[in-house]
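Here's the letter readout for the chains.
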Amino acid sequence: MSITAPAPNQEAAVVEALVRRAQELIATHYRVERHQIGAVLLDHDGQYHEGVHMEAMVGRASSCAETAALANAVMASASDKLTYTVAVRHPKPSESDQTPRVVPPCGLCRELLLDYGPDIRVVLADDNCLHAVPLSELMPYKYVGTKWAHEQPTITQAMVQQ
Ligand SMILES: [Zn+2]
């Protein structure tokens, strides 16, 4: 059983606000070859948690915007009540259209976000048409280990179990 998805008209407004906020975030913090992706998480209380990706001189030392946004959610004690995630990519200066566009989370971020928000919905864009789907649909057969088996279930997990 999963949490009921919001009504489509309600979700459309949430999605549009999330994308607009992510676009403003990366427009403000974009730096060539340093910060190209901005991510925004939304929690049950309507609070946003933002992050930008950190490019490194050594590529594998880089970290994703979703990781930074999740860290900010942790700092706000909101990591167990996440509802939506979105990421946008700022175009390079050489690209003709300078509009930040929605990009899907990478595989690592799918794993990480689902560890904290098993019911989180992800904003996607198909031909510039925005929609949201359960992130778990993008990561079937997600890895589940025993590391956190002793912990209390998160709010969203408890809601799912009801
Ligand atoms: Zn990622």
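What counts and what doesn't
- Residues numbered from 1 in each chain as written.
- Predicted model: local features only at pLDDT ≥ 70, side-chain atom pairs only at ≥ 80, totals over all residues.
- Helix = DSSP H or I, 4+ residues; strand = E, 2+ residues; numbered from the N terminus.
- Rg over C-alpha atoms; globule rule 2.2 N^0.38 Å.
- Buried ≥ 20, exposed ≤ 12 C-beta atoms within 10 Å, placed from the backbone.
- Contact = placed C-beta atoms within 7 Å.
- Pairing = 2+ DSSP bridges.
- Arc of directions from axis to C-beta.
- Axes fitted to C-alpha atoms, helices over the stretch in contact; angles between N-to-C directions.
- Parallel < 35°, antiparallel > 145°, perpendicular 65-115°, else oblique.
- Left-handed = near helix turned anticlockwise from the far one by under 90°.
- Nonpolar A, V, L, I, M, F, W, Y, C, P; charged D, E, K, R; others polar.
- Core = buried A, V, L, I, M, F, W, Y, C linked by C-beta atoms within 7 Å.

Visitor: How would you explain the overall build of the protein chain if you had to name every residue and give the values?
Guide: Across its full length, the protein chain holds four helices and six strands. Computed over the C-alpha atoms, the radius of gyration of the protein chain is 16 Å, within 12% of the 15 Å expected from 2.2 N^0.38 for a compact globule of 162 residues. If you line up the protein chain on its principal axes, its C-alpha atoms span 50 × 40 × 30 Å. Taken over 162 residues, the protein chain has a buried fraction of 35%. Within the protein chain, counting contacts between residues at least 6 apart in sequence, those at least 24 apart form 56% of the total.

Visitor: A description of the pairing of strand β6 (residues 129–134) should follow, citing residues and the corresponding values.
Guide: Of the strand pairs in this sheet, strand β5 (residues 121–126) and β6 are connected by six bridges, and their pairing is antiparallel. Its bridge partner being in β6, Leu124 is matched across the sheet by His131.

Visitor: Which residues make up helix α3 (residues 107–116), and what values go with them?
Guide: Buried within α3 are the following residues: Cys109, Arg110, Leu113 and Leu114. Buried residues of α3, viewed axially, fall in a sector of 125 degrees; they line one side. Along α3, the residues that are exposed and aim more than 90 degrees away from the buried face are Gly107 and Leu108. If you follow the buried residues of α3, they end up packed against α2 (65–75) and β3 (82–89).

Visitor: Outline the packing of α2 against α3, listing residues and values.
Guide: Where α2 contacts α3, the axes come no closer than 10 Å and their chain directions differ by 15 degrees. Viewed along their axes, α2 and α3 adopt a mutual orientation that is roughly parallel. Here the hand of the crossing between α2 and α3 comes out left-handed. For the pair α2 and α3, contact is made by Glu66, Thr67 and Leu70 and by Cys109, Leu112, Leu113 and Tyr116, respectively. Of the residues assigned to the contact of α2 with α3, the class counts are five nonpolar, one polar and one charged.

Visitor: Can you explain the nonpolar core? Please cite residues and give values.
Guide: Counting 34 residues, the largest nonpolar core has Leu18, Ala22, Ala39, Val40, Leu41, Val86 and Val123 as its most contacted members. Elements with a minimum of two residues in this core: α1 (8–29), β1 (37–43), α2, β3, α3 and β5. Broken down by element, the residue count for this core peaks at six residues, all from α1.

Visitor: How would you sum up unusual backbone geometry? Please name residues and give values.
Guide: One non-glycine residue, Ser77, lies in positive phi territory at about 55 degrees. Within the secondary structure layout, Ser77 lies in the loop between α2 and β3. The exposure class of Ser77 is exposed, given the 9 C-beta atoms found within 10 Å. Positive phi, normally seen in glycine, also occurs at Tyr141, with a value near 60 degrees. Considering the arrangement of structural elements, one finds Tyr141 in the loop between β6 and α4 (155–161). By C-beta crowding, Tyr141 is classed as exposed, having 5 other C-beta atoms within 10 Å.

Visitor: Describe the pairing of β5, and please don't skip the residues or the numbers.
Guide: The sheet contact formed by β3 and β5 spans two bridges and is parallel. Bridged to Thr85 within β5 is Val122. With antiparallel pairing between neighbouring strands as the criterion, β5 and β6 make up a hairpin whose turn holds two residues, including Asp127 at a positive phi of roughly 50 degrees.

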